[in-house]
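Chain residues, written in single-letter form:
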Amino acid sequence: MKQTLYLAFALVVLLFSSSAVAQTTIKGHVVDERGKSVEYVSIGFEEDNVGVISDAQGYFEISIPANRKDSLSFTHVSYLPTKVPYNIYCKKSDLTVTMPNKVVELDEVVVGKKNLPRTLSGKSWVNVGVVAFIGDSNEYSEWGPIFKNRKDYLLSDILLSLKECTFEQCTLSFNIYEIHGNQFVNILNKPIYQIVSPADNDRQLDISPLEDIILKGKQQYCICVSPVNTKGKGAIYFSATFKSSFARNSVKGKRRKMPICPAIIVKGCEL
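About the cut-offs
Residues numbered from 1 in each chain as written. Predicted model: local features only at pLDDT ≥ 70, side-chain atom pairs only at ≥ 80, totals over all residues. Heavy atoms only, no water. Helix = DSSP H or I, 4+ residues; strand = E, 2+ residues; numbered from the N terminus. Contact = heavy atoms within 4.5 Å. Core = buried A, V, L, I, M, F, W, Y, C linked by side-chain atoms within 4.5 Å. Buried < 20%, exposed > 50% of the residue type's maximum accessible area, 1.4 Å probe, protein only.

Here we come to the environment of Val 50. One can find Val 50 in the loop between strand S2 (42-44) and strand S3 (51-53). Distance from Val 50 to Ile 64, taken between C-alpha atoms, is 7.2 Å for residues 14 residues apart in sequence.

Relative to the helices and strands, Ala 56 resides in the loop between S3 and strand S4 (59-65). Along the primary structure Ala 56 and Glu 39 are separated by 17 residues, whereas in three dimensions their C-alpha atoms are 4.5 Å apart. Once you skip the residues sitting within four places of it in the chain, Ala 56 turns out to touch Glu 39, Tyr 40 and Asn 229.

Ile 158, Leu 172, Ile 176, Leu 215, Ile 236 and Phe 238 are the most contacted members of the largest nonpolar core, which has 36 residues in total. With six residues, strand S11 (residues 153-165) is the single largest residue contributor to this core. For Ile 176, the contacting residues outside a window of four places in its chain are Leu 155, Ile 158, Val 185, Asn 186, Ile 187, Leu 188, Ile 192, Ile 213, Leu 215, Tyr 221, Cys 222 and Ile 223. One finds Ile 26, Ile 64, Tyr 89 and Val 97 within the second-largest nonpolar core, a separate group that totals 18 residues.

Pasting the structure below:
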């Protein structure tokens, strides 16, 4: 009996040792074409749970399973998507990745003085408790409601009810997607960040985009919130509401449709 237990223990140790060996750790730095660091880049494999986000200085560390030989994908709203082939990153433990700038020509948007912001989505939602992002968990790293309107609007405000932040500090990122079937197309050209701390507990955050974002009539959208950087250990809690939503599993993982979501109110001016 004792011999059997020793054998079982040896097998467990072997399995854990094999698991530890059967992966490659890549450290790196993401920069733009001028060599400037790019913050909060999503790094990983498409439709996979292997993924990380670079820090505020563009540095990252990712552990890649030994059986993965796909290209490593780098995405950020202000830059063109970049992929690093396996035959390049597998030979380097320290990687520098350059992301080309996204060149965007924006049309001038004119809003009449009488077209004051109005609530487009979220006004009548009923709060049902809270949803949370806890510690370093990436179970649902990006989450937000689905909505559409009959007319064209210029996005003016994203309102989010923060219940409690127990991190010393947390940077939230907001993404806005057009939904085309199973495809989610991020329509931002500039990132939207909001830094929160315990001083912001029990208040409604009011976030304005840094660019003109037109929400087209009859087009389906999803606005998501995601914690991309935290200081200290803790969690962040938002008011929850019954509303059809999408949550994305890990950094590059598949999205999952959900019946509840963070209570996000969208406001805009009619065009």
